[in-house]
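Structural overview
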Amino acid sequence: GTLTNGDYQAPFGWNSPRGTNVNYTRVKAIADTDGFYFSNGGGTPQTATITDCEVQSKFDCIAVFGSSADYIEVYNTNLTSTGPSATEEGVNDGISMGYGSSASVVVHGGTITVSGGDIRNYGVDFHLASGNITLYDTQITTSGTDDQDLSNTVSTGQLRVHNVGYDTDKTQGTITVF
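What counts as what
- Residues numbered from 1 in each chain as written.
- Predicted model: local features only at pLDDT ≥ 70, side-chain atom pairs only at ≥ 80, totals over all residues.
- Heavy atoms only, no water.
- Core = buried A, V, L, I, M, F, W, Y, C linked by side-chain atoms within 4.5 Å.
- Buried < 20%, exposed > 50% of the residue type's maximum accessible area, 1.4 Å probe, protein only.
- Helix = DSSP H or I, 4+ residues; strand = E, 2+ residues; numbered from the N terminus.
- Contact = heavy atoms within 4.5 Å.
- Salt bridge = Lys/Arg side-chain N within 4 Å of Asp/Glu carboxyl O.

In this structure, Phe38, Ile50, Ile62, Ile72, Val124, Ile133 and Leu135 are the most contacted members of the largest nonpolar core, which totals 34 residues. Top contributing element to this core by residue count: strand E12 (residues 104–114), with four residues. Setting aside residues up to four positions removed in sequence, Phe38 forms contacts with Gly13, Trp14, Tyr24, Ala48, Ile50, Ile62, Ala63, Val64, Phe65, Ser67 and Ile72.

Summed over all chains, the structure comprises three salt bridges. Linking Arg120 and Asp125 is a salt bridge whose minimum nitrogen-to-oxygen distance equals 2.7 Å. Exposure class is identical for Arg120 and Asp125. Each is buried. For Lys170, the salt bridge is made with Asp147, and the minimal N-O distance between the two is 2.7 Å. Placement of Lys170 in the loop between strand E17 (158–162) and strand E18 (171–172) and of Asp147 in strand E16 (residues 147–153) is noted, with a sequence separation of 23 residues between them. Put simply, Asp93, Arg120 and Asp125 are held in one network by salt bridges that share partners.

Let's shift gears to unusual backbone geometry. With omega at -5°, the peptide bond leading from Gly83 into Pro84 counts as cis. Checked against the element boundaries, Pro84 lands in the loop between strand E10 (71–81) and strand E11 (91–98). We note that Asp52 has phi near 50°; this positive angle belongs to a residue other than glycine. Within the secondary structure layout, Asp52 lies in the loop between strand E7 (47–51) and strand E8 (54–57). In this structure Asp52 comes out as partly exposed when scored by relative accessible area, which is 36%. The phi dihedral of Asp146 is positive, around 40°, even though this residue is not glycine. Structurally, Asp146 is set in the loop between strand E15 (139–142) and E16. The class of Asp146 is partly exposed, set by a relative accessible area of 37%.

Shape is all these values report; function is a separate question.
Rendered as structure tokens:
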């Protein structure tokens, strides 16, 4: 991987404006921390497409933080977070968007499987963000400490699902089913 701040290293993504129309196809990403990390620091919106990939992480499989109007589209990709990471944070997420991000993440198919975090295990963690996460035809499974399939906390954007398999007893916040 090349994206690092000393503690966290994601094999794919960007931490400042890098380019648009980035395509990841049939990639197998194995990471201790984030599998894909996207944060453009409020610069020019970036776009990425992740297709037919396998992401294995011990933290976040896809993390989107501080991104301004980025657009991330995911097709038929399997996200597996098994923790704990060497960072010892004990937090595992399939998809995590937060900290002021106004990005859009759209997922078509695939699976999200999360377990092994000492503190929490979230399939989708949408927090402190104004963007949107939309899932179509996706299966979510979580287990372990504080497991939530879908979590939307303190966000002004929308977490929307269509034909998504998840446990309705493992949700928090507003989830829009359409």
